[in-house]
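Examining the three-dimensional arrangement
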Amino acid sequence: MSKIHMVLQGKGGVGKSFIASMLAQHCYSKDEDLLCIDTDPVNATFHGFEALNVNRLDLMEGDEIDSRKFDSLIESISKSESDVVIDNGASTFVALSHYLISNHIPDTLENMGKELIIHTVITGGQALNDTLYGFDKLIKQFPQNVKFIVWLNPFWGKIESNGHGFESMKAYLNNKDRISAIIKIPEYKKETFGRDLSEMLQDKMTFDDAIKKPESTIMVRQRLTMIKRELFQQVEGAIAVSA
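Each value, and the rule that gives it
- Residues numbered from 1 in each chain as written.
- Predicted model: local features only at pLDDT ≥ 70, side-chain atom pairs only at ≥ 80, totals over all residues.
- Heavy atoms only, no water.
- Buried < 20%, exposed > 50% of the residue type's maximum accessible area, 1.4 Å probe, protein only.
- Helix = DSSP H or I, 4+ residues; strand = E, 2+ residues; numbered from the N terminus.
- Pairing = 2+ DSSP bridges.
- Salt bridge = Lys/Arg side-chain N within 4 Å of Asp/Glu carboxyl O.
- 1 Å grid on protein atoms, 1.4 Å probe; cavity = no way out; pocket = protein on both sides within 12 Å on 5 of 7 lines; lining within 4 Å.
- Points joined across faces, edges and corners; volume = space filled by probe spheres on them.
- Nonpolar A, V, L, I, M, F, W, Y, C, P; charged D, E, K, R; others polar.
- Polar contact = N/O pair within 3.5 Å; in protein donor to acceptor, adjacent residues only side chain to side chain.
- Contact = heavy atoms within 4.5 Å.
- Expected span 1.5 Å × (residues − 1).
- Phe/Tyr/Trp six-rings, centres within 6.5 Å; stacked < 30°, edge-to-face > 60°.

**As for the pairing of strand E2 (residues 34–38)**
Judged by how many residues are buried, E2 sits mostly within the fold: five of five residues are covered. Of the two faces of E2, both are covered, the one formed by Leu34, Cys36 and Asp38 as well as the one formed by Leu35 and Ile37. Where E2 meets strand E3 (residues 54–56), three bridges bridge the pair, whose relative direction is parallel. Looking at the pairing, aspartate 38 lines up with arginine 56 of E3.

**Some words on the pattern of salt bridges**
Scanning the entire structure with this criterion turns up twelve salt bridges. Residues glutamate 115 and lysine 147 are paired through a salt bridge, measuring 3.0 Å at the closest nitrogen-oxygen approach. One end of the pair, glutamate 115, is in strand E7 (residues 114–123); the other, lysine 147, is in strand E8 (residues 147–153), with 32 residues separating them in the sequence. Across the pair arginine 195 and glutamate 199 runs a salt bridge whose closest N-O atoms are separated by 3.1 Å. Of this pair, arginine 195 and glutamate 199 both sit in helix H7 (residues 193–202), separated by four residues, roughly a single helical turn. Salt bridges sharing partners connect three or more residues here, namely Lys30, Glu32 and Glu236.

**Quick notes on empty space enclosed by the protein**
Within the structure shown, the criterion is met by one cavity of 30 Å³ or more. Estimates place the volume of the largest cavity at around 30 Å³. Lining the largest cavity are Ile4, Met6, Phe70, Leu73, Ile74, Ile77, Ile86, Leu100, Ile105 and Leu109. Every element with two or more residues in the lining of the largest cavity is listed here: strand E1 (2–7), helix H2 (67–79) and helix H4 (105–111). Residues that form the lining of the largest cavity fall into these classes: ten nonpolar, no polar and no charged.

**Focus on the side chain of serine 21**
Along the chain, serine 21 turns up in helix H1 (residues 16–29). There is a polar contact of 2.7 Å between the side chain of serine 21 and the backbone oxygen of phenylalanine 18. Those residues in contact with serine 21 that lie beyond four places of it in its chain are Phe46, Phe49 and Leu52.

**Focus: H1**
Relative to the 20 Å expected for 14 residues at 1.5 Å per residue, H1 spans 20 Å between its end C-alpha atoms, a close match to the ideal helical length. Counting buried positions along H1 gives twelve out of 14 residues, so the element sits mostly inside the fold. Taken residue by residue, H1 has Lys16, Ser17, Phe18, Ile19, Ala20, Ser21, Met22, Leu23, Ala24, Gln25, His26 and Cys27 as its buried positions.

**What about the packing of aromatic side chains?**
This structure, assessed with the given rule, holds seven aromatic pairs. Here phenylalanine 142 and phenylalanine 148 contribute two aromatic rings whose centre-to-centre distance is 6.4 Å and whose plane-to-plane angle is 80 degrees, an arrangement assigned as edge-to-face. Classification of phenylalanine 148 by relative accessible area gives buried; the value is 0%. Between tyrosine 188 and phenylalanine 193, the aromatic rings sit 6.3 Å apart at their centres with planes inclined by 15 degrees, giving stacked as the arrangement. You can call tyrosine 188 buried: its relative accessible area is 16%.

Shape descriptors only; they carry no functional weight alone.
Encoded structure:
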C-alpha cells in the first residue's frame, strides 16, 4: 500500500516545508520513486527545492478550495504508483482540512489502496499554544483510520508547558492513541549545527547537495551528515511503525 504523506498545521512558519523536504529526501535516499506536491498558494517553499522535483498546485479560488483543481490533485495521486508527499500552507489549512473531511478523502484513498498519513508539527515558544490547538483540531476532525506523525520542533523554544514536555500535556494524553509516532527534531546549537542547517534550508538545498558543495568545509559536511543520519533514522522508524 503506497503512502500519502500530507503535512498540515494551521500556524505558519513552524517548519512544514522542512518536514516535507525531510520526507522526500529520506524516500529518495532509498532510490524510491516519489511524487512531491506543494499546494501552498503564498509561500511555496517546498517547491523551491529544485533537487526534489516538486510540482506546484494552487488549490484555492479566493478563500475556497477550487473543486476542479482538487480533482486534479486526487487524479495525480491515483495515477501515482509511488508514495506521495504533499506540503500545505497555513493559509489553506482550514479550507483544505474541511474539504478533505467533507468529501471523505481518507476513505477514497484507502479504497485506492493508498494510506493517508498526516504529519503535523508542534513548536515551542509563542507558537506552542497555536500548534497544540491545530494538532488537537486535526485529530478530532479526521476519522480513526487516519494515522498521525507528530514532529516536535524546538527551533522557537523548548516545547514545555508549566515544566511538562509534550508527552505530559493534555493535548497529547487525550489523543495519544491516534499518534503512530513522534519525531523529535534535536535542539541544535545555533553557532554550529543549527547554523549549517539554517543555511542549507535558506538555499533550499538537500543534504546531499549541501554536503557536496565545494564551499562546504570538512566540519560543515560532517555536521550535516550527522544531522541527516539522525533525522533519517527517526523518519525510517516512524514510517515503519505507521505501516
